[in-house]
Amino acid sequence: QVQLVESGGGLVQAGGSLRLSCAASISTASILAFSWYRQAPGKQREWVATLTAVGNTNYAGSVKGRFTISRDNAKNTVYLQMNSLKFEDTAVYSCNLQHALRNYWGQGTQVTVSS
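Keep in mind the model is a prediction, meaning the values are calculated, not measured.

### Re the sheet that holds strand β7 (residues 67-72)
Line of reasoning, step 1. A sheet is described by the order of its strands in space; here four strands give the open sequence β1-β3-β8-β7, paired in antiparallel fashion. Both outer strands of the open sheet, β1 (4-7) and β7, are each paired with one neighbouring strand and no more. On average, each strand axis in the sheet is tilted by 15° relative to the strand beside it, whichever way the strands run.
Line of reasoning, step 2. In this sheet, strand β8 (residues 77-82) lies alongside strand β3 (residues 18-24) in antiparallel orientation, the contact comprising six bridges.

See below:
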């Protein structure tokens, strides 16, 4: 039905930057809110950032000031710009789109930050 595909993950040095993308097979104009989550090995899934349909943003305290969530409705894509990356940012990052009827999840993309 609806598929989300994350990309942009990889290996980066501490202090570096990555831009994650989440391409959706549904028009993002129909989405109520967009979020990024992450999960490190042996850890619970952690909420990272949310962008509402009206443009409000919220960030986890651990990433506030370093990460920025945004979207491009013309491309049906949501982004997570990650700057000043830290070792503790290492995780699988997944996007979540809140639709009126249900939530959609992507498969995740690995981000590894080396010291």
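Picking up where we left off.
### A look at the packing of aromatic side chains
Line of reasoning, step 1. Taken as a whole and judged by the stated rule, the model has one aromatic pair.
Line of reasoning, step 2. Ring plane angle 50° and centroid distance 5.0 Å describe the contact between Y37 and W105, whose orientation is recorded as tilted. Highlighted residues: Y37 in strand β4 (residues 33-39) and W105 in strand β10 (residues 103-105), separated in sequence by 68 residues.
Line of reasoning, step 3. Classification of W105 by relative accessible area gives partly exposed; the value is 33%.
Line of reasoning, step 4. Cation over ring: R19 sits above Y79, and NZ or CZ is 3.8 Å from the ring centre.

Rules used throughout
- Residues numbered from 1 in each chain as written.
- Predicted model: local features only at pLDDT ≥ 70, side-chain atom pairs only at ≥ 80, totals over all residues.
- Heavy atoms only, no water.
- Pairing = 2+ DSSP bridges.
- Helix = DSSP H or I, 4+ residues; strand = E, 2+ residues; numbered from the N terminus.
- Axes fitted to C-alpha atoms, helices over the stretch in contact; angles between N-to-C directions.
- Phe/Tyr/Trp six-rings, centres within 6.5 Å; stacked < 30°, edge-to-face > 60°.
- Buried < 20%, exposed > 50% of the residue type's maximum accessible area, 1.4 Å probe, protein only.
- Lys NZ or Arg CZ within 6 Å of the ring centre and 35° of its normal.

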